Amino acid sequence: MKNIMHSKTGLIVILAIFIVFSLLSARLFNGVRFDLTEGQLYTLTDETQKILSELDSPVTLKLYFSEKATAELPGLRTYAHRIKELLDEYATLADGKLTVSFVDPIPFSEEEDEASAAGLQGVPVGIRGDEIFFGLVGTNDSDGEEVISFFQPDKEQFVEYELTKLIYNLSNPELPVVGIISGVNINGGFDYMTQQRQPAWVVMQQMEDLFDVRPLAEDIDAIDAEVDILLLVHPKDLSEQTLFAIDQFVMKGGRTLVFVDPFAEADIPPAPMAATASRRSDLSPLFAEWGIALQDAHIVGDFINSLVVNMGGGRNPVRHIGLLGLDLGAFNDQDVVMAGLESINLSSVGILDTVEGATTQVVPLIQSSIESQPLEADRLKALQNPESLMESFTPTGKQYTLAARITGAANSAFPEGVEVEERQVVEEEPGVPEAEPVMVKRLLVPDVLKNDNINVIVVADTDILSDRLWVQVQQFFGQRVVSPWADNAGFLINALENLAGNEDLINIRSRGRFSRPFTKVEELRRHAEEQFLAQQQVLQEQLEQTEAKLLEMEQIRGGGDSAILSEEQALELARFQDEKIKIRKELRDVQHQLDRDIESLGTELKMINIFLVPLLLTLLLVLMRFIRKRVA
């Protein structure tokens, strides 16, 4: 037998067994797979299964994939195969309520025209430039239609969320209404700095996929009755009339999400006012009744959660303690709004305090680290070097609340109502000169004075929603392709869905995060920087003292005339000049040492990643060989 296995016949038999086994496994175990990823990224979630099981009306999905035209694109074909398997699994779980079909839109066919008409993205490939399609069209029985124009291969980790969201939208055509009042150009606008029109922020696109978003005016008596959730972004200098409308919306049980800011960087005033204009937004009259307060004129500086920024111009990156990258350690893992979020970036974020004697419950959602300290917000107005924020930075050892959920009993901030003065409307008559405007007063009386359980979420930062803190936007064949690197939009959508009462999509979207930060490396880096900063501060103080002495002696000498200095003073001057050069060299050495330490750490990790597994396998083989010899 042993001789047969080592002969040509044996090899042919092994090859035949291998082929038969491959064919059988492909047929018998088609669709069977083992998901060994952390978080079970390739297994349908319970929430998806729940949504599929609750489908009330039939949904039809049609996947368009250019099978023949992608013969030379194996990566895309593999991805398409996975989408097909996934859709089959969806159909199985939907108990007959979901119909799936697959179409190959070959060039110049009716199917290709059909795909184009449905809004799918055709991507030219090959020498002839034939277009390939890889998208999905979903319809329901009320002629509703949802489309995924092209499955981006680099978005594979979100594919379950995209598919489930599409099916959910088709089965729930009535979207929750989000009324929005914004003091920044979240929906796009004209940028006077660049003299160009700016697109809407990406979060608007994300919201409009799931909600009926309606902008509201800033001079209203009442929030539209159709609004399910009120979203306030940088509510700056709102009139009492509008505050009254918000107050009554909350008192009547309306759910509200508020983003305020002590220094909104996205609120850019015209150039002449840039240095003095206030960028603060607040709802202090309402916050007082809701049991919360935004600290006056303070942002939080947080060393542990601070980010490193590139200074440009060939200068070394520096740490910015007002620009924060927060992770799980900063989140309240008991609140569903934070479910699955891994990182959120904030900038010049404020501090929320609980009002003493409040009747509400204020539960922090996001907090700073213990290495934090309140900083004057005005320091940001003329900030050139973020390192300057480290001057006199002394952590208080206290964690500060950056976002909070507010529930419980609250009273109206306007129990006596609000008196509104407005111009009386006078109809113009032909030939009659226009009369002087007449101002009249009108009293707005509250309908509700108290609510036993308000439902409000407050975030002390509005820049969290701006693109620069969480997403990269690129153009892909004329379409905007967004690549998030943080969960800022996820936090916004989670909060809105939670307030809207739908939490199933939260847990689905929260899966598939690909970010696996080197937390140990970051910890070592921060430790090295702390040492660097301590040494740097000592040397900087010595340098300042030396320069002050030099200036003093230069003033004595006056105009470069060294003749008036005594020999002893001249020697002292030379000594201080040498000392200055020496200290500056030491400062450079410290910085270079920090860079070398970080590079060395990175190199060691790369070597471990490259050689550790092969080394372990080699040792294992040597050990097995050794054991076999001993047994023999």
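Structure report, in brief.

About the criteria used
- Residues numbered from 1 in each chain as written.
- Predicted model: local features only at pLDDT ≥ 70, side-chain atom pairs only at ≥ 80, totals over all residues.
- Heavy atoms only, no water.
- Phe/Tyr/Trp six-rings, centres within 6.5 Å; stacked < 30°, edge-to-face > 60°.
- Helix = DSSP H or I, 4+ residues; strand = E, 2+ residues; numbered from the N terminus.
- Buried < 20%, exposed > 50% of the residue type's maximum accessible area, 1.4 Å probe, protein only.
- Lys NZ or Arg CZ within 6 Å of the ring centre and 35° of its normal.
- Expected span 1.5 Å × (residues − 1).
- Salt bridge = Lys/Arg side-chain N within 4 Å of Asp/Glu carboxyl O.
- Pairing = 2+ DSSP bridges.
- Axes fitted to C-alpha atoms, helices over the stretch in contact; angles between N-to-C directions.

1. Observations concerning the packing of aromatic side chains
Next, step 1: As enumerated under the stated definition, the model contains six aromatic pairs in all.
Next, step 2: Ring geometry for Phe-65 versus Phe-134: centroids 5.0 Å apart, planes at 65°, classification edge-to-face. Of this pair, Phe-65 sits in strand β1 (residues 59-65) while Phe-134 sits in strand β4 (residues 130-140), placing them 69 residues apart in sequence. As far as the burial class goes, Phe-65 and Phe-134 line up, both buried.
Next, step 3: Both rings, one in Phe-134 and one in Phe-150, keep their centres 6.1 Å apart while their planes meet at 80°; by these two values the pair is edge-to-face. Here Phe-134 is found in strand β4, whereas its partner Phe-150 is found in the loop between β5 (145-148) and α6 (159-171), with 16 residues between them in sequence.
Next, step 4: Classification of Phe-150 as buried rests on a relative accessible area of 10%.
Next, step 5: Among the aromatic residues, those joined into a cluster by ring pairs are Phe-65, Tyr-79, Phe-134, Phe-150 and Phe-151.
Next, step 6: Above the plane of the ring of Phe-102 lies Lys-84, whose end atom (NZ or CZ) is 5.8 Å from the centre.
Next, step 7: Residue placement shows Arg-319 over the ring face of Phe-303; its charged tip is 5.6 Å from the ring centre.

2. Let's talk about helix α8 (residues 240-251)
Next, step 1: The terminal C-alpha atoms of α8 lie 16 Å apart, and with twelve residues this matches the ideal 16 Å at 1.5 Å per residue to within 8%.
Next, step 2: Among the twelve residues in α8, eleven count as buried, and that is most of the element.
Next, step 3: If you check which residues of α8 are buried, you get Gln-241, Thr-242, Leu-243, Phe-244, Ala-245, Ile-246, Asp-247, Gln-248, Phe-249, Val-250 and Met-251.

3. Concerning the pattern of salt bridges
Note that side chains of opposite charge can pair when their charged atoms are close.
Next, step 1: Counted by the stated rule, this structure contains 17 salt bridges.
Next, step 2: For the salt bridge of Lys-50 with Glu-54, the shortest nitrogen-to-oxygen distance reads 3.4 Å.
Next, step 3: Relative accessible area serves as the criterion here: at 36%, Lys-50 is assigned to the partly exposed category.
Next, step 4: Classification of Glu-54 as partly exposed rests on a relative accessible area of 46%.
Next, step 5: Put simply, Glu-419 and Lys-441 hold a salt bridge, and the shortest N to O gap is 4.0 Å. Taken together, the residues span a long stretch of sequence, with Glu-419 in strand β21 (residues 418-423) and Lys-441 in strand β22 (residues 439-444) at a distance of 22 residues. This pair shows no difference in class: Glu-419 is exposed, exactly as Lys-441 is.

4. Re unusual backbone geometry
Next, step 1: Although it is not a glycine, Phe-108 adopts a positive phi angle of roughly 60°.
Next, step 2: When you line up the elements, Phe-108 lands in the loop between β2 (98-103) and α5 (110-117).
Next, step 3: Backbone geometry places His-234, a non-glycine residue, at a positive phi of 50°.
Next, step 4: Tracing the backbone shows His-234 in the loop between β10 (229-233) and α8.

5. What about helix α10 (residues 488-500)?
Next, step 1: Its 13 residues give α10 an end-to-end C-alpha distance of 18 Å, which sits within 8% of 18 Å, the value for a rise of 1.5 Å per residue.
Next, step 2: With twelve of its 13 residues buried, α10 lies for the most part within the structure.
Next, step 3: For α10, every residue scored as buried is listed here: Asn-488, Ala-489, Gly-490, Phe-491, Leu-492, Ile-493, Asn-494, Ala-495, Leu-496, Glu-497, Asn-498 and Leu-499.

6. Concerning the sheet that holds strand β15 (residues 318-326)
Next, step 1: Pairing is antiparallel across the open sheet formed by three strands, whose spatial order is β14-β15-β16. Two strands bound the open sheet, and with one partner strand each, they are β14 (306-309) and β16 (344-347). Taken pair by pair, the neighbouring strands of this sheet meet at an average axis angle of 50°, ignoring direction.
Next, step 2: Two elements, β14 and β15, share four bridges in a ladder whose sense is antiparallel. Counted as the bridge partner of Val-308 is Arg-319 from β15.

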